[in-house]
Amino acid sequence: VMWNRGVGEGERKEEERVRRGLEEEGIRVEMFWGNSLVAEEDVAEKKSLRLFAKELVKSKIAGPKAAPDRLPALPSSVNPNSAILASASPDASSPTLAAANAVLARLSPGTERRAAPAGGVAAAPFRALKAALDAGVVSPRMVLERIQQKLGEKAGHTWETLVWRSYVCLRVNSKVGAGAAAAV
């Protein structure tokens, strides 16, 4: 079983409970970090956004996690037509995914290098990607891969916003992890 690690304290406690239960049943579990451009353990600087951004510009950021070629068969005790399995199935026709793919297809140096409007409102390309990122329909690493394909570098408003989202995500995760460690 694979899943994207949560950020919040409640999510992490529940993940740990589920992980232990699955492993006790002999099921292999792999958690990965897909909420930000880098995993918490892959970056040293988390205290300053400016230094964090400089570190990311210089570092090689891993691409998106590849989907497995095939999935193992479900245990015989699992109903393949269950509502929970249907709700977990990715839907390639999702309007959120379609909108994100359309935005990523239109990325250009012109749209990406425009400054954010006064008041800090996100540029149009990123506003359209936000819902897909928030829902986990696309990953920050996949968006970065498309930016680099289109622009040839880590640049533009969407890149800057991904850095900000990653920084905030890692800061929250660090505080949650520190709180959990202090509680033990």
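Up top you'll find the structure we're talking about.
What counts, and at which threshold
Residues numbered from 1 in each chain as written. Predicted model: local features only at pLDDT ≥ 70, side-chain atom pairs only at ≥ 80, totals over all residues. Heavy atoms only, no water. Salt bridge = Lys/Arg side-chain N within 4 Å of Asp/Glu carboxyl O. Helix = DSSP H or I, 4+ residues; strand = E, 2+ residues; numbered from the N terminus. Buried < 20%, exposed > 50% of the residue type's maximum accessible area, 1.4 Å probe, protein only. Axes fitted to C-alpha atoms, helices over the stretch in contact; angles between N-to-C directions. Parallel < 35°, antiparallel > 145°, perpendicular 65-115°, else oblique. Contact = heavy atoms within 4.5 Å. Nonpolar A, V, L, I, M, F, W, Y, C, P; charged D, E, K, R; others polar. Core = buried A, V, L, I, M, F, W, Y, C linked by side-chain atoms within 4.5 Å.

## Description of the pattern of salt bridges
Thought 1: Summed over the entire model, instances satisfying the criterion amount to five salt bridges.
Thought 2: Of the charged contacts in the structure, one is a salt bridge between Glu14 and Arg17, with a shortest N-O distance of 2.4 Å. Of this pair, Glu14 and Arg17 both sit in helix 1 (residues 9–24), separated by three residues, roughly a single helical turn.
Thought 3: Glu14 sits in the partly exposed class, given a relative accessible area of 38%.
Thought 4: Here Glu16 makes a salt bridge to Arg20, at a shortest N to O gap of 3.5 Å. With Glu16 and Arg20 both in helix 1 and four residues apart, this pair spans about one turn of that helix.

## Remarks on the packing of helix 4 (residues 95–106) against helix 7 (residues 140–151)
Thought 1: Running from amino to carboxyl end, helix 4 crosses helix 7 at an angle of 25°, the nearest separation of the two axes being 9 Å. When the axis of helix 4 is compared with that of helix 7, the two are roughly parallel. On the side of helix 4, the interface is formed by Asn101, Leu104 and Ala105, while helix 7 contributes Met142, Val143, Arg146 and Lys150.
Thought 2: Its residues assigned to classes, the contact of helix 4 with helix 7 shows four nonpolar, one polar and two charged.

## With respect to the nonpolar core
Thought 1: Counting residues in hydrophobic clusters, the biggest one holds 28 residues, and the most contacted among them are Leu37, Phe52, Leu56, Val138, Val143 and Trp159.
Thought 2: Broken down by secondary-structure element, the contributors of at least two residues to this core are helix 2 (49–58), helix 4, helix 6 (124–135), helix 7 and helix 8 (157–183).
Thought 3: No other element matches the six residues that helix 8 contributes to this core.

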